Amino acid sequence: MALLRMPEPYDFELSTGRYRAFGRDLANLWHEDALHRVVDGREVRVRPVDGGVDVEPLDSSTGPVIHKLLGAEFDLDAFYGFAAGDATLGALAAELRGLRPPIAVEPFESLVTSITAQQISLHAAFAIRNRLIERFGVRAEHAYAFPTRERMAGAEPEELTSLGFSGRKAEYVVGLARSDLDLAGLGALSDDEVKNTLTALPGIGEWTADWFLARHLARPRAWPAGDLVVRKAVSRFYGEGRSLSTHEVRALGERFAPFENLTAHYLLAGLARGT
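In this report, the structure presented in the accompanying data block is examined. (Residues numbered from 1 in each chain as written. Predicted model: local features only at pLDDT ≥ 70, side-chain atom pairs only at ≥ 80, totals over all residues. Heavy atoms only, no water.)

**Let's talk about the nonpolar core**
Within the largest apolar cluster, 69 residues are counted, with the highest numbers of intra-cluster contacts made by Leu 132, Met 152, Leu 160, Leu 176, Leu 198 and Val 234. No other element matches helix H15 (residues 260-273), which puts 6 residues into this core. (Core = buried A, V, L, I, M, F, W, Y, C linked by side-chain atoms within 4.5 Å. Buried < 20%, exposed > 50% of the residue type's maximum accessible area, 1.4 Å probe, protein only. Helix = DSSP H or I, 4+ residues; strand = E, 2+ residues; numbered from the N terminus.)

**With respect to the packing of helix H13 (residues 228-238) against H15**
Where H13 meets H15, the axes come as close as 9 Å, and the angle between the chain directions of the two elements is 80°. What the angle tells us is that H13 and H15 run roughly perpendicular. The residues of H15 that touch H13, namely those facing Val 229, Val 230, Lys 232, Ala 233, Val 234, Arg 236, Phe 237 and Tyr 238, are Leu 267, Leu 268, Gly 270 and Leu 271. When the residues that make up the contact of H13 with H15 are grouped by side-chain class, the tally is 9 nonpolar, 1 polar and 2 charged. (Axes fitted to C-alpha atoms, helices over the stretch in contact; angles between N-to-C directions. Parallel < 35°, antiparallel > 145°, perpendicular 65-115°, else oblique. Contact = heavy atoms within 4.5 Å. Nonpolar A, V, L, I, M, F, W, Y, C, P; charged D, E, K, R; others polar.)

**What about the environment of Val 49?**
Of note, Val 49 is situated in strand S4 (residues 42-49). Classification of Val 49 as buried rests on a relative accessible area of 18%. Measuring from C-alpha to C-alpha, the distance between Val 49 and Leu 4 comes to 9.2 Å, with 45 residues separating the pair along the chain.

**Here's the deal with the side chain of Asp 54**
Mapping Asp 54 onto the fold places it in strand S5 (residues 52-56). A polar atom in the side chain of Asp 54 sits 2.9 Å from the backbone nitrogen of Ala 2. Here Arg 45 takes part through its side chain, which lies 3.3 Å from a polar atom of the side chain of Asp 54. Residues contacting Asp 54, with those up to four places away along its chain left out, are Met 1, Ala 2, Arg 45, Val 46, Arg 47 and Val 49. (Polar contact = N/O pair within 3.5 Å; in protein donor to acceptor, adjacent residues only side chain to side chain.)

**Re the environment of Thr 113**
Tracing the chain through its elements places Thr 113 in helix H6 (residues 107-117). The sequence separation of Thr 113 and Ala 125 amounts to 12 residues, and the corresponding C-alpha distance is 8.1 Å. For Thr 113, the side chain forms a polar contact with the side chain of Arg 129, separated by 2.9 Å.

**Details of the pattern of salt bridges**
All chains considered together, the criterion is met by 20 salt bridges. Between Arg 273 and Glu 95 there is a salt bridge, with the nearest N and O atoms lying 3.1 Å from each other. Of this pair, Arg 273 sits in helix H15 while Glu 95 sits in helix H5 (residues 87-95), placing them 178 residues apart in sequence. Judged by relative accessible area, Arg 273 falls into the partly exposed class, the value being 47%. By relative accessible area, which is 35% here, Glu 95 ends up partly exposed. (Salt bridge = Lys/Arg side-chain N within 4 Å of Asp/Glu carboxyl O.)

And the structure:
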């Protein structure tokens, strides 16, 4: 066993639920009660053990990637202390204790995933995304390495439409791959700078930029108020029986500062569980 310690609390089953909820994810594959991901050309298997997770193989290359993937950088203790002052959020935090939102470790993968999911169900998005991975990615033993930016830059939009992408989404993905945007450098920018930079690109609006902040950069104040399911979750727990508008949800985010990102994920998880 190769133990990678995770900060407590940590619940592996809760935290990896996203990779089982909407169908198979070939780049983050749930297989035989373990999570599989390709890191630097090697398939890595991750399963829960006392004190953290068993990572095979575990070394200086795979360890940091898996640590980030599993949401280790979130400060749950501080969030739980904050949530205790709100009856609704406090109850969710107690029920979902140890939930660490998984993080998309590669910026290009994160953006393509969001583009794929624009205005369609997540089940449909996962199916289309898997076809993209099979066509342009590289398979290891079980999981696939997500297609590289360089590989997608050489693709033509028509190749993506044959996989189920709309014409515009196909153009957005290929255009992103061919752009001169320094994706790795986005992490050095402020939240507003990241959003302004991303939304200047075709096909990337506020929704996609918000999720990039939340699920790739793990910014604590990311608040995807324009997401339909986030709006449903906020309405369910804080709407007092009515459906809140995007404007109302965005304004309500200030109530959860500086933990908007974790709040959104806990509200989404609570909604999914029917809490």
